[in-house]
Every structure is written in C-alpha cells, then in structure tokens.
Amino acid sequence: MAAVGWSRLSIFRSRLLPVLGAVLHRSTGSNCSSIVGFGSRCDGGGGIGKGVAGLLARDYSSDAKAEQKQFRVQFLEGEDSGIVVFGINRPQAKNAISRDLVKLMSEAMSAVKTNKNVRTVLLRSEVPGIFCAGADLKERSRMHPSEVGPFVSQSRAMLNELANLPVPTIAVLDGAALGGGLEMALACDIRVAASSAKMGLVETKLAIIPGAGGTQRLPRTIGVALAKELIFSGRVVDGTEAKQIGLVSHVAEQNEAGDAAFQRALALAREFVPQGPVAVRMAKLAINRGIEVDLATGLAIEEACYAQVIPTKDRIEGLNAFREKRPPRYTGE
C-alpha cells in the first residue's frame, strides 16, 4: 500500500508542479498595457455601474468595419482595479457562439491569464435580455458535416480555457443562457442571475446533446439525477429556480436598467479583489484539481498549493498587517 501511495504522489507531483509553476509565472507577469495594448481611457459608462472610476478597453472584432464590436474586454480602474469585464455583443445573433466569437474569446483569455494585475473576471452580455442563445445555428446550418465536429471541439477547448483561468470567474446572467450559453456560464466558477433570466441545456430538442462540457459540468454542479432530468427534457428554468437547485449562487430581482445580476456580481468581485492574489489563485487550483480525485490525493494537492504561498511576500505582509491592525497591501509577490 505504501508503494502504491508513493507512486500516486509521484505521478501527482509530476502533473501538478508544472501547473503550479505556470500559475505562479502568470502571477508575476507583465502589466495590462504592455500585454494587451489597450486603447485610451474612457469613463465608467456603458452600463458598467456606479463606483467605477474609469476603465481601459479593447474591442475585439474580426471585421474592422463592423458597427458593433462582438467582444470587449474592460479593465476597471479606481476602487475596482483588478476586475476585468468580458462583454459579448452580437445583438443580431442573440450573442450566439460563432467561429469568430470562439476565436476572439480565446485571444482575450490568453491575454488576461498572463496578467498579474487581474484579480477577477466577470463574463457578461452587452445585449439587453440575453446572455447567450447557444450555438449560432445559422452558421452551423452552412457547415459541412465534416466541419461540425472540429468546431464543437474548438468551442469545448475555449470553454476549458475559461474554466482554467487562474483567477475567479463570475458569469453574469441578466438574460437567457441556453444551450452553449449555459455551458459557457457553467465553465465559470460562480454564476449570478437575475430572477427573470432563463437557463437550460436544450440540445435534445434539436436531436443533439450538449457538446461543450454541459454533460459533465452540470452534474458536477447540481447533481447527477437532476442534471439528467434537465438534459433529457431540455427544460428551461428561471433565475429563482436556478438558485433553488444550486445552478446559480446568487439571484437578484431585475431592475429597470436590466443589470441587476451585473451589479450583484460586481459587488461579489469587490469581495475577492482585496485578498492575497497568489493565495486566491492557489485556492482555485487546489479546489479544481482536488475535486476530481480521491480525498488522499486531494489533500496532497492542497499541501502542494499551500507550499507555494509560504515563501511569498504577501504572506509576510498579511502577518504584519494583522499585527499592526491595518489593511494589508498585497502585490501578488
């Protein structure tokens, strides 16, 4: 038994330590502007909410002449520094997942995951009443059958990138999240919904199955039996029922501006930002990796992740701040 245990620990170390190194490297990477090349400063408008001193933004679009930008990344500033907002903006297609959107989201995540200044990512829609309607069925209907499988694989890989971002991610559901839209939300750490938002994995209505992680992430979120029931029936639930079954963590009554979930998610992100950034990243890694293995291996993962925070300057700063009875000033080092 001891030999088996050491073998398992050896395999675990060989697989996890490179991941730990990558996460720690990201935590000490370059700053926002040098990585992404963001545009000029603008004010806190555009539905981002009160309390935002300013933001830096980059619009992502494969068509430079497009009137509407499909995807936007906003780095909030002032009191909300460290919070990044991903905004989907395909109003004519109800934010449906297209080839372009998959590419643009992957590019944005590649930039964000190497930025030590990022503490939390919010994924929201900039289109009122809709989060994401799922796959772009018009585009899908024009695909040759041989193209469908590779595209679904690309979508799945993009959502895996989202799930593996080293910082906390919050899906903001102020509108409908159906099919691939709900799969996108399930790839985030936390979901916040308006009570009026509609959610469901409806693929069986189209004689297909969820193909971007839904059959795996939904059971892990709400339990196997209930996930089967919802997927087999293609049933759609509202925000209130989603909270009752554990699909979302928080539900808010929708307001006149249509951004109640965003305001609640922003408040939640503000609770995460002041904490030690390396510690938060290590906690996420320990939870994500540990939940997929047996308890003994999970505890070994926790031990390895804890070891990464011991030599950090932030740990010493936390102890000093506690002793001096002042707020800590963490730097991510």
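See the structure shown above.
Undergrad: Explain the overall build of the protein here, please?
TA: What the protein contains, in helices and strands, is 13 helices and 12 strands. Evaluated residue by residue, the protein yields a buried proportion of 47% over its 333 residues. Here the analysis covers contacts within the protein between residues at least 6 apart in sequence; of these, 67% occur between residues at least 24 apart. Working note: accessible area of the protein is about 16400 Å², and carbon and sulfur atoms make up 55% of it.

Undergrad: What should I look at first to understand the nonpolar core in this one?
TA: For soluble globular proteins, nonpolar side chains are generally found buried alongside one another. Core analysis: the largest hydrophobic core is formed by 50 residues, its most contacted members being Phe 86, Met 184 and Met 199. With 7 residues, helix 3 (residues 99-112) is the single largest residue contributor to this core. Among the nonpolar cores identified, the runner-up in size contains 15 residues, and Leu 76, Val 192, Ala 261 and Leu 266 belong to it.

Undergrad: When you look at the packing of helix 11 (residues 277-290) against helix 12 (residues 295-309) in this model, what are you seeing that I'm missing?
TA: How two helices pack is summed up by the angle between their axes together with the distance between the axes. Put simply, helix 11 and helix 12 touch, their axes get as near as 9 Å, and they point 165 degrees apart. Between helix 11 and helix 12, the crossing angle belongs to the class labelled roughly antiparallel. The handedness of the crossing between helix 11 and helix 12 comes out as right-handed. On helix 12, the residues touching Val 278, Ala 279, Met 282, Leu 285, Ala 286, Arg 289 and Gly 290 of helix 11 are Gly 298, Ile 301, Glu 302, Cys 305, Gln 308 and Val 309. Taken together, the residues that form the contact of helix 11 with helix 12 break down as 8 nonpolar, 3 polar and 2 charged.

Undergrad: Looking at this structure, how should I read empty space enclosed by the protein?
TA: Empty space among the atoms becomes apparent when a probe as large as a water molecule is rolled across them. Enumeration over the complete set of coordinates arrives at 1 cavity of 30 Å³ or more. Element by element, the count of residues in the lining of the largest cavity is highest for helix 11, at 3 residues.

Undergrad: Explanation requested: unusual backbone geometry in the structure shown.
TA: Excluding glycine, residues mostly have negative phi values, and the peptide bonds linking residues are mostly trans. Positive phi, close to 60 degrees, is recorded for Asn 95, a residue that is not glycine. In this fold, Asn 95 is placed in the loop between strand 4 (83-88) and helix 3. On the basis of relative accessibility, which here comes to 0%, the residue Asn 95 falls in the buried class. Phi is positive for Lys 325, which is not a glycine, with a value near 55 degrees. Assignment of secondary structure puts Lys 325 in the segment after helix 13 (313-324). On the basis of relative accessibility, which here comes to 79%, the residue Lys 325 falls in the exposed class.

Undergrad: It is not clear to me how helix 13 should be interpreted in this structure. Could you clarify?
TA: For helix 13, built from 12 residues, the straight-helix expectation of 16 Å at 1.5 Å per residue is met to within 8% by its first-to-last C-alpha distance of 16 Å. Of the residues making up helix 13, those classed as buried are Asp 314, Glu 317, Gly 318 and Ala 321. For helix 13, the arc enclosing every buried residue in end-on projection is 105 degrees, short of the 170-degree limit, so these residues lie on one face. Close packing links the buried residues of helix 13 with helix 11. A positive phi of about 55 degrees marks Lys 325, the residue just after helix 13.

Undergrad: Sorry, what's going on with the packing of aromatic side chains here?
TA: The geometry of two aromatic rings is summed up by the distance between their centres and the angle between their planes. Evaluation of the coordinates by the stated rule reveals 1 aromatic pair. Against the face of Phe 262 rests Arg 124, its NZ or CZ located 4.0 Å from the ring centre.

Undergrad: Sorry, what's going on with the pairing of strand 4 here?
TA: Every regular strand shows the same layout, with side chains that alternate between the two sheet faces. The buried fraction of strand 4 amounts to 6 of the 6 residues, a majority that puts the element mostly inside the structure. The alternating pattern of strand 4 places Ile 83, Val 85 and Gly 87 and Val 84, Phe 86 and Ile 88 on opposite faces, both of which are buried. Here strand 3 (residues 71-76) pairs with strand 4 via 5 bridges, running antiparallel. Within the sheet, the bridge partner assigned to Val 73 lies in strand 4 and is Phe 86.

Undergrad: Could you clarify how one ought to interpret the layout of surface pockets in this entry?
TA: Within this model, the second largest pocket holds a volume of roughly 380 Å³. Taken together, 21 residues form the lining of the second largest pocket, with Ala 135, Arg 140, Gly 180, Glu 203 and Ile 208 sitting closest to its centre. Residue contributions to the lining of the second largest pocket peak at 3 residues, all from helix 5 (residues 145-163).

Undergrad: Got a minute to help me understand the environment of Ile 301 in this structure?
TA: On the secondary structure map, Ile 301 appears in helix 12. C-alpha separation for the pair Ile 301 and Gly 290, spaced 11 residues apart in sequence, amounts to 6.3 Å.

Undergrad: Is there a simple way to think about the sheet that holds strand 6 (residues 130-132) in this case?
TA: The strands making up a sheet associate through backbone hydrogen bonding, with each pair oriented either parallel or antiparallel. Across the sheet, which stays open at both edges, the 4 strands sit in the order 6-8-10-11 with mixed pairing between neighbours. Each edge of the open sheet is held by one strand with a lone partner, namely strand 6 and strand 11 (237-238). Taken together, the 2 bridges between strand 6 and strand 8 (residues 176-178) define a ladder with parallel strand orientation. For Ile 130, the partnering residue across the bridge sits in strand 8 and is Ala 176.

Definitions and cut-offs
Residues numbered from 1 in each chain as written. Predicted model: local features only at pLDDT ≥ 70, side-chain atom pairs only at ≥ 80, totals over all residues. Heavy atoms only, no water. Helix = DSSP H or I, 4+ residues; strand = E, 2+ residues; numbered from the N terminus. Buried < 20%, exposed > 50% of the residue type's maximum accessible area, 1.4 Å probe, protein only. Contact = heavy atoms within 4.5 Å. Areas by Shrake-Rupley, 256 points an atom, 1.4 Å probe, with all protein chains shown as cover. Core = buried A, V, L, I, M, F, W, Y, C linked by side-chain atoms within 4.5 Å. Axes fitted to C-alpha atoms, helices over the stretch in contact; angles between N-to-C directions. Parallel < 35°, antiparallel > 145°, perpendicular 65-115°, else oblique. Left-handed = near helix turned anticlockwise from the far one by under 90°. Nonpolar A, V, L, I, M, F, W, Y, C, P; charged D, E, K, R; others polar. 1 Å grid on protein atoms, 1.4 Å probe; cavity = no way out; pocket = protein on both sides within 12 Å on 5 of 7 lines; lining within 4 Å. Points joined across faces, edges and corners; volume = space filled by probe spheres on them. Expected span 1.5 Å × (residues − 1). Arc of directions from axis to C-beta. Phe/Tyr/Trp six-rings, centres within 6.5 Å; stacked < 30°, edge-to-face > 60°. Lys NZ or Arg CZ within 6 Å of the ring centre and 35° of its normal. Pairing = 2+ DSSP bridges.

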